[in-house]
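Coordinate analysis (summary)
Residues per chain are reported as follows:
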Amino acid sequence: MLRSRLWTSYQTLSQRTITTGTKVAFNNENKQEQSDKTNEYQSSNNSFNPPRLPLTQQFTHQVTNQVPPLEYIDLYKSDLVLLEFLNKENKGQIKDMGVELGTFHWFEEGQLANRYTPSLHQFDRYGQRIDEVNFHPAYHDLMKVGMRYGVHSVAWEPLAGSKNNFNPHGHLQHAAGLYILTQVEAGVCCPLSMTHAGYPILHRYLHNTNKKLADSFPVDRILSRKYDKRCIPANAKSGLTIGMALTEKQGGSDVRTNTTKAYCDSPEEKRYILIGHKWFCSAPMSDGFLVLAQIQNNDNVNQPSSHSVPSCFFVPRWLPNGERNPFHIQRLKDKLGNRSNASSELEFNNTQGWLLGKEHDGIKVIIDMINGTRLDSAISSAALMRQALVQATWHARHRKAFGRLLIDQPLMKQVLVDLLLESEAATTLVMHLATLYDSTYNNILSNNTKEINALARIASALAKFWICKRTPETTYEALECLGGAGFVEESILPRIYREAPVNSIWEGSGNVICLDILRSLKKSPEVLHAYLSFMHQTKGSNKYLDAALENIEKKLLKQNLPTHMLERHARKLATQLALCLQAGLLVRRLPQTVSNAFCSSRLGPDRGSIFGDLPMDIDTDALLKRLPF
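The rules behind these values
Residues numbered from 1 in each chain as written. Predicted model: local features only at pLDDT ≥ 70, side-chain atom pairs only at ≥ 80, totals over all residues. Heavy atoms only, no water. Helix = DSSP H or I, 4+ residues; strand = E, 2+ residues; numbered from the N terminus. Buried < 20%, exposed > 50% of the residue type's maximum accessible area, 1.4 Å probe, protein only. Contact = heavy atoms within 4.5 Å. Areas by Shrake-Rupley, 256 points an atom, 1.4 Å probe, with all protein chains shown as cover. Expected span 1.5 Å × (residues − 1). Bend = angle between axes of the 7 residues up to and from the residue. Pairing = 2+ DSSP bridges. Polar contact = N/O pair within 3.5 Å; in protein donor to acceptor, adjacent residues only side chain to side chain. Core = buried A, V, L, I, M, F, W, Y, C linked by side-chain atoms within 4.5 Å. Domains from an automatic or database assignment. Axes fitted to C-alpha atoms, helices over the stretch in contact; angles between N-to-C directions. Parallel < 35°, antiparallel > 145°, perpendicular 65-115°, else oblique. Left-handed = near helix turned anticlockwise from the far one by under 90°. Nonpolar A, V, L, I, M, F, W, Y, C, P; charged D, E, K, R; others polar. Phe/Tyr/Trp six-rings, centres within 6.5 Å; stacked < 30°, edge-to-face > 60°. Lys NZ or Arg CZ within 6 Å of the ring centre and 35° of its normal.

1. Quick word on the overall build of the chain
- When its secondary structure is counted, the chain shows 21 helices and 13 strands.
- Within the span of the chain, comprising 629 residues, buried residues form 57% of the whole.
- Partitioning the intrachain contacts of the chain with sequence separation of at least 6 by distance along the chain shows that 74% fall at a separation of at least 24.
- In the form shown here, the chain has an accessible surface area of approximately 27700 Å², with 51% of it arising from carbon and sulfur atoms.

What follows is the structure, encoded as structure tokens:
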């Protein structure tokens, strides 16, 4: 009798299901495409798989109604918004990346990279200063696969036979690659994002410093798709990464209060000696850093730093003569999330840096990098939402409660559909922004580049504020769909939930972004004109969107409110601008079922305050078909 029951359990487990695209299939069905990619690209010496045939018959009970491991999902094909933006002509390697990274192996690599966090080694065994950070091999595997797919480089790779014309879809492919990789592990996306955003600055300015530095730090090697983890001089490496060190203890985002000092050592070479500190520097094992510091001269030697504008410097880990640059890592941060990525506190003590751009022009020099990493923050947050939805949907498709699958429960349907709307609106906004960046940098639409650039400026800030703000709430609701199973560390959802707040804090917190939006609207009328012009093109498509946009124009933008009142209501303005922009994009790009549901639930009179509280006019059953499973 017992043997019979065990054999029945074995038969049930042998039919464990996996997911391929949006269809459910059995283990014995053809998985050739996924298998080929795994065999071709496996980065680790070990291939991770879920435990096979666990015993369900315990001494006291039989384990039933358990959700099988999610062994495979095509992160490209199962995402209908990605399919909307990326097609045969512009997808590059994104399809292959979605196939490869959707395996159990890569998700396990992400778990390991977070479980075994980086460690700082300030000195070698003889007491000599080295300031190096060691990582788990899984971290290096993830960096390797990210660079192999060009997450850091694809936007800037020149077309064949050209040095100045970039990949016309490079920013879209960068956004999609970052989006896919973040779903597996977000920590490695920080150095890849900074490298992506830092390259154009170094490409523009570094050759104007001196030949020795340029030869010792070959900028074009930043575009290499080879990951080189070694801490050696840049010209001996096969690939390079870039970081930045801006904020200090006393100022945070207010970089004008920086106290790090820069003393000119060689005017001809634009070489300076830096003395000071940085409070937050992520990815300290990068090969070079963009650093803000106050230039000291006879005019400002006794002047408080708050009255000076910092300058931007390039600080390599290794000097042109092959010696280490004093780059003292004081400690690594013990962070809530993003734990696979080392974040550090630095001290500069006779550290050499080379001036980029003009003196006291540092914010202007580095602003493009900040804008790039802000957009990447929004992309990463959209990715966290998506993977949280994936996990919640998989669970609901396989777990029963009260005699029915969770996915068949009316209230669970409401919650999942609401999460879907939030996720697809976020993904649509960041992918559209990436196409705007392509248009701006590559002049695909050269007849109205200025207007596109103005729209991209305001839309990037709105995306950074709103998507990053919504991510913690969205990921928590997805976690709750799993109940207690979502609260234990074996699940990926606790890691996603800890990761969720970080993008709203980095590269400008919510209040900072809202104030930036106000300044942009006030100082640059073309920004507001570009936004309204874009939104007016959707007029008449949805009554709730029309009413919301009219309310913004009449009550929030046209009133001559004093500055302190505008600042007091900056979050309200940013929220409404972001929601209308998302709604307008859904009207343009996705089926009417999606756009109508979003407008009704976010802009309509019956909108709810929590996930699952949807208006009654929403076609839930039609939207359920858009879920990843």
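2. Let's talk about helix α8 (residues 189-205)
- The first and last C-alpha atoms of α8 sit 25 Å apart over 17 residues, in line with the 24 Å expected at 1.5 Å per residue.
- Maximal helix bending in α8 amounts to about 35°, located at G198; proline P200 follows within four positions.
- The buried fraction of α8 is high, at 14 of 17 residues.

3. Section: the environment of G372
- The topology assignment puts G372 in helix α10 (residues 362-398).
- Residue classification places G372 among the buried positions, given a relative accessible area of 10%.
- Once the C-alpha coordinates of G372 and S460 are considered, the two residues, 88 residues apart in sequence, prove to be 8.9 Å apart.

4. Thoughts on the environment of S78
- Mapping S78 onto the fold places it in the loop between α2 (32-41) and α3 (80-85).
- With 550 residues separating them along the chain, S78 and P628 place their C-alpha atoms 5.4 Å apart.

5. Quick look at the pairing of strand β6 (residues 261-266)
- Pairing between β6 and strand β7 (residues 271-282): 5 bridges, direction antiparallel. From the neighbouring strand, Y263 faces β7, where its bridge partner is I273.
- Adjacent in sequence and paired antiparallel, β6 and β7 are bridged by 4 residues, among which K270 carries a positive phi angle near 60°.
- Both β6 and strand β8 (residues 288-295) contribute to a ladder of 2 bridges, which runs parallel. Note that in β8 the partner of A262 across the bridge is I295.

6. Overview of the side chain of H328
- Within the secondary structure layout, H328 lies in strand β10 (residues 328-332).
- When its relative accessible area of 18% is taken as the criterion, H328 is described as buried.
- Engagement of the side chain of H328 in a polar contact is seen with the side chain of D131, the distance being 3.5 Å.
- Excluding residues within four positions of it along the chain, H328 makes contact with R129, D131, E345, L346, E347 and N349.

7. Examining the nonpolar core
- The biggest cluster of nonpolar side chains holds 148 residues, and the ones touching the most others in it are L101, L274, M431, L462, I467, Y531 and L581.
- Residue-level mapping places this core at the junction of two domains, with at least three residues from each of domain 1 (80-359) and domain 2 (364-625).
- Ignoring any residue separated from it by four or fewer positions in sequence, one finds L581 in contact with L429, A459, L462, Y531, F534 and M535.
- Listed in part, the 35 residues of the second largest apolar core include W156, M194, L202 and W506.

8. Notes on the packing of helix α16 (residues 525-536) against helix α19 (residues 570-589)
- Contact pair α16 / α19: the axes reach a minimum separation of 10 Å and the direction vectors enclose 40°. With respect to their mutual orientation, α16 and α19 come out oblique. Taken as a pair, α16 and α19 cross one another with a handedness that is left-handed. Mapping the contact onto sequence places Y531, F534 and M535 in α16 and Q576, L577, C580, L581, G584, L585 and R588 in α19.
- Its residues assigned to classes, the contact of α16 with α19 comprises 7 nonpolar, 2 polar and 1 charged.

9. Some points on the packing of aromatic side chains
- Going through the model one piece at a time under the given rule, you end up with 11 aromatic pairs.
- Between W156 and F166 the ring centres are 5.5 Å apart and the planes differ by 85°, which places this aromatic pair in the edge-to-face class. Taken together, the residues span a long stretch of sequence, with W156 in the loop between α6 (137-148) and α7 (170-184) and F166 in the loop between α6 and α7 at a distance of 10 residues.
- Ring centres of F217 and F314 lie 4.8 Å apart, and the angle between their planes is 75°; this geometry places the pair in the edge-to-face category. Here F217 is found in the loop between α9 (211-216) and β5 (242-245), whereas its partner F314 is found in strand β9 (residues 311-316), with 97 residues between them in sequence. The pair formed by F217 and F314 is uniform in burial state, with each residue classed as buried.
- In this structure an aromatic cluster arises from ring pairing among W156, F166 and Y199.
- Of note, K333 hangs over the ring of W279, and the distance from its end group to the ring centre comes to 3.2 Å.
- The ring of F85 carries the charged tip of R589 above its face, separated from the ring centre by 4.0 Å.

Spatial relationships are all this shows, so hold off on functional conclusions.
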